[in-house]
Every structure is written in C-alpha cells, then in structure tokens.
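# Topology and contacts: notes
Listed below are the residues making up each chain.
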Amino acid sequence: MEAAAAPPSLRPRRSLSINPAPAPRPGPKPRPWGLAANRQANAVRCELPRRPDPRLLRARAMVGDGGDAAGAGRRKRLAVFVSGGGSNFRAIHEAALAGEVHGDVVALVTDKPGCGGAEYARSNGIPVVVFPKSKSAPEGVSVPELLHTLREHEVDFVLLAGYLKLIPAELVREYPRFILNIHPSLLPAFGGKGYYGLKVHTAVVASGARYSGPTVHFVDEHYDTGKTLAQRVVPVFADDTPELLAARVLHEEHQVYVEAVAALCDDRIVWREDGVPLIKSRLNPDVYL
C-alpha cells in the first residue's frame, strides 16, 4: 500500500469558561489519575460530551465540584457486556489492573457463553452471567434476574464492549446514563441496527467517507443513539479495505474507551449550563478534553 498523506494535526484542547452543574457518580470519591497520551500516528483525538444524570447531580451536590478532590474514594465497580472476543473488555481490565482505571470489573455479561470474552473472564476469576436466556443458552437469566445480579455485585457502571443485543429498557432505567458503549464509527454516521463489526467498515469504505473512527457514547433504549462522550478520528485512505480500516479503528478503540472509563471512574465528567457534558482534565481543571 502506498504511503498515505500525513493525517491532520491533533486539534489543541480549548479552555472553556463554563459553570458546570454538580455531577459525579454516587458513592465515595475516587483518586485522580493521569490518562495515557498514546496516539497512533494517523489518528486525531476528538472527544465529545454527554448529558447529566440525576444521580450524578445528587452525588456532586453531596461532595461539591471537587475535581481532584474526588480522588480518594473507593474503586468503582464495573460490569462489562460482550458477545465476542472482548478486546475492549481486555483493554479495560488490564488498565484497571495497572492502576490506570480506578475501578474493577466485577462481572462479565454475555449472550454467548463460549465466546473469547467469557473465556478470558473465567480465566481471570471474573463471574460470568449469561443474558438473555435462549435456546442456545438455556442457562441465561431473565431481565429481573440480571438486575438483581448487578445489584448484588454493587455495579456502578455498565460497559458494553461488542455486545450485539439491544439493552432492555429496564436496564437503561436502572442505570440512567450510567451505561457506556463503544461503536466503530463516528456516530451518528454508520450507526443503528445492523451496523456492527466489519459491516460498519465496509459501509464506510464504500461510502467514500474520508474519515472514520470509534465513538464512546451513553446508551439509551435504541441502537447507537445515546449522547456521545468521546471520539477518535482515523483517516480513510484511498486504497483502504474494510479489514485495514477495522484494524486502525480498533487500535484507537482500546485507547479512547479506557480513557473514557477512567474519566468516569474519576468523576471527571462535568456539564455546561446548556447541558453539554465534558471530560475534565485532571492536570488543569480549566481544560476540557
């Protein structure tokens, strides 16, 4: 493949003058940590926001707009949902073990009990919950049983990492705006039912789009329509194939998802007066990523 033109330079982060509404997650305050600044040479960092949750607002009201002061509390408890190999799940788990994420994966939920993500969880002592119940997975649990299990594990955040089933409305209501997903395109483009895996990258290449990349977004009751939290931009080259593009986007997924989850666990999500959420820099409280 011929050498590609150099990608656009990284966009500088802007310091915004805002008055964020109260907002961290319920529970004790976690310690701060620095996000890794790893970037692929052909990627441009571009992170977008999400909206507040009433529980976050109540928590911020209790602890104040502390930023780094929210740094010394308990580790957040994470449940990850997968349907396949779970490479993003592994990236988050490894980051948690390395101390880059102030949280722990306490449960793995899957609709495919034999998938690579489930095997990885078992080999690392992480409980595996099969959901939903089906002919191929009769050991699966119902929605009420799933909610009960998540409560038993005291789950703070739910992370979808290649989970292909639509999340039931009951779960969305139980964790309003506390469920994240990673999607391999720049939403709202190439999202929705049927857009997953290589199908996304095939559609991107066929469309002639010049840029793609992963999106981390909050989950609502529909496919890929929740508010965007973070994105990375990856150029689409003239001679790209879906497989080549998929590999470059996946590289960025592993980094941006870990960074978004870390900010979530650090209570570094704040909101402008108009309801736009931003990721707050740990190093400079006046800078938003």
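Small disclaimer: the values here were computed from a predicted structure and weren't measured. (Residues numbered from 1 in each chain as written. Predicted model: local features only at pLDDT ≥ 70, side-chain atom pairs only at ≥ 80, totals over all residues. Heavy atoms only, no water.)

In this section: the side chain of Ser212. Locating Ser212 in the fold gives a position in strand 7 (residues 211-212). The exposure class of Ser212 is buried, given its relative accessible area of 1%. The contact partners of Ser212, leaving out residues within four places of it in the chain, are Pro184, Ser185, Leu186, Val204, Arg232, Val233, Val234, Val236 and Leu245. (Helix = DSSP H or I, 4+ residues; strand = E, 2+ residues; numbered from the N terminus. Buried < 20%, exposed > 50% of the residue type's maximum accessible area, 1.4 Å probe, protein only. Contact = heavy atoms within 4.5 Å.)

With an omega of 0 degrees, the peptide bond between Phe131 and Pro132 qualifies as cis. The backbone phi angle of Arg177 is positive, close to 60 degrees, even though this residue is not glycine. Turning to its location among the elements, Arg177 is positioned in the loop between helix 5 (169-174) and strand 6 (179-183). Exposure remark for Arg177: the relative accessible area of 36% places this residue in the partly exposed category. In the Ramachandran plot, Phe190 falls in the positive-phi region, its phi being about 55 degrees despite a non-glycine side chain.

Interpretation of this model should avoid reading the predicted coordinates in detail wherever pLDDT is low. Averaged over all residues, the pLDDT of the protein equals 81, while 74% of them reach at least 70. Segment residues 1-72 is flagged for pLDDT under 50; beyond a separation of four residues in sequence, or across chains, it makes 204 contacts in the model. (pLDDT = per-residue confidence, 0-100.)

Let us look at the environment of Tyr211. With respect to the helices, strands and loops of the structure, Tyr211 is situated in strand 7. Look at Tyr211 and you get partly exposed, because its relative accessible area is 41%. Considering only alpha carbons, one finds Tyr211 and Leu186, 25 residues apart in sequence, at a separation of 8.3 Å.

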